[in-house]
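So the chains spell out like this:
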Amino acid sequence: MEIEEKPFRRGRRIAVDVGDARIGVASCDPDGVLATPVETVPAGVKSQARIAAIVEEYGAVEVIVGLPRSLSGKEGPAAEKVRGYAVRLANRLWPVPVRLVDERMSTVTATHGLRASGVKAKKGRSVVDQAAAVVILQTALESERVSGRPPGESVEAAG
């Protein structure tokens, strides 16, 4: 039996893990095979300008923003903040599309992976944000490979 190849959109993607203090950023190769850490951006008014510069520098075709949900799938105040951030980012990056992807457990997964590789908790805080962005991006890429559709939900730019 032959396995049907689902269509996969080529192009480098950038993923961001938005936090109150730091924003982890990751990227993937144009074939979407491997996600790698890029940097940790301080959260705040200048963060979107830095992310826009990274998107331009990497020639990204899409930006994936991790959407924090509870284990039950419900959205709380953190998700509301991230949705607002994603809309502002979509307006800034237009015409580069921005998508929200469920990030449940990404930080936990990243933290476990870093601990397993010997990174100490204090030393690893900024690295954890990048690693969480890698987990978010890898999950989004796998989702698209399996479904043949872009992952998560599209964020509409206002103008």
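Check the entry above for the structure.
Rules behind the numbers
Residues numbered from 1 in each chain as written. Predicted model: local features only at pLDDT ≥ 70, side-chain atom pairs only at ≥ 80, totals over all residues. Heavy atoms only, no water. Salt bridge = Lys/Arg side-chain N within 4 Å of Asp/Glu carboxyl O. Helix = DSSP H or I, 4+ residues; strand = E, 2+ residues; numbered from the N terminus. Buried < 20%, exposed > 50% of the residue type's maximum accessible area, 1.4 Å probe, protein only. Axes fitted to C-alpha atoms, helices over the stretch in contact; angles between N-to-C directions. Parallel < 35°, antiparallel > 145°, perpendicular 65-115°, else oblique. Left-handed = near helix turned anticlockwise from the far one by under 90°. Contact = heavy atoms within 4.5 Å. Nonpolar A, V, L, I, M, F, W, Y, C, P; charged D, E, K, R; others polar. Pairing = 2+ DSSP bridges. Core = buried A, V, L, I, M, F, W, Y, C linked by side-chain atoms within 4.5 Å.

**What to know about the pattern of salt bridges**
Scanning the entire structure with this criterion turns up 13 salt bridges. Taking the shortest distance from any N to any O, the salt bridge between Lys-81 and Asp-20 comes out at 3.0 Å. Here Lys-81, found in helix α2 (residues 77-93), pairs with Asp-20, found in the loop between β1 (13-18) and β2 (22-28); they are 61 residues apart in sequence, far enough to count as distant. With respect to class, Lys-81 is no different from Asp-20; both count as exposed. In this structure, Arg-83 engages Glu-75 in a salt bridge whose closest nitrogen and oxygen atoms are separated by 2.9 Å. Arg-83 sits in the partly exposed class, given a relative accessible area of 26%. Given the relative accessible area of 37%, Glu-75 is considered partly exposed. A network of salt bridges, in which partner residues are shared, links Arg-69, Glu-75, Arg-83, Asp-102 and Glu-153.

**Description of the packing of helix α1 (residues 47-58) against α2**
At a closest axis distance of 10 Å, the pairing of α1 and α2 adopts a crossing angle of 50°. The orientation of α1 with respect to α2, classified from their angle, is oblique. Remark: the crossing between α1 and α2 carries right-handed chirality. In this structure, α1 uses Ser-47, Gln-48, Ala-49, Ile-51, Ala-52 and Val-55 to contact α2, whose residues at the interface are Tyr-85, Arg-88, Leu-89, Arg-92 and Leu-93. Taken together, the residues that form the contact of α1 with α2 break down as seven nonpolar, two polar and two charged.

**Digging into the pairing of strand β3 (residues 35-42)**
Both β2 and β3 contribute to a ladder of seven bridges, which runs antiparallel. Paired with Ala-26 across the bridge in β3 is Pro-37. Taken together, β2 and the strand that follows it, β3, pair antiparallel across an intervening segment of six residues, in which Gly-32 is found at a positive phi of about 65°.

**Looking at the sheet that holds strand β6 (residues 153-155)**
Strand order in the open sheet made by the six strands is β3-β2-β1-β4-β5-β6, with mixed pairing throughout. Either end of the sheet is taken by a strand with one partner, and the two such strands are β3 and β6. In this sheet, adjacent strand axes meet at a mean angle of 30° when their direction is disregarded. Relative to β3, α1 is tilted by about 150°, and along the sheet it contacts β1, β2, β3 and β4 (62-67).

**Describing the nonpolar core**
Most often, soluble globular proteins have nonpolar side chains that are buried together. Core analysis: the largest hydrophobic core is formed by 25 residues, its most contacted members being Val-63 and Val-65. Elements that contribute at least two residues to this core include exactly β1, β2, α1, β4, α2 and β5 (98-102). The dominant element in this core, judged by the number of residues it contributes, is α2, at seven residues. If sequence neighbours within four positions are ignored, Val-63 has contacts with Ile-14, Val-55, Leu-89, Leu-93, Val-96, Pro-97, Val-98 and Arg-99. The next biggest cluster of nonpolar side chains, apart from the first, holds twelve residues, and it includes Ala-15, Ala-26, Ile-136 and Ala-140.

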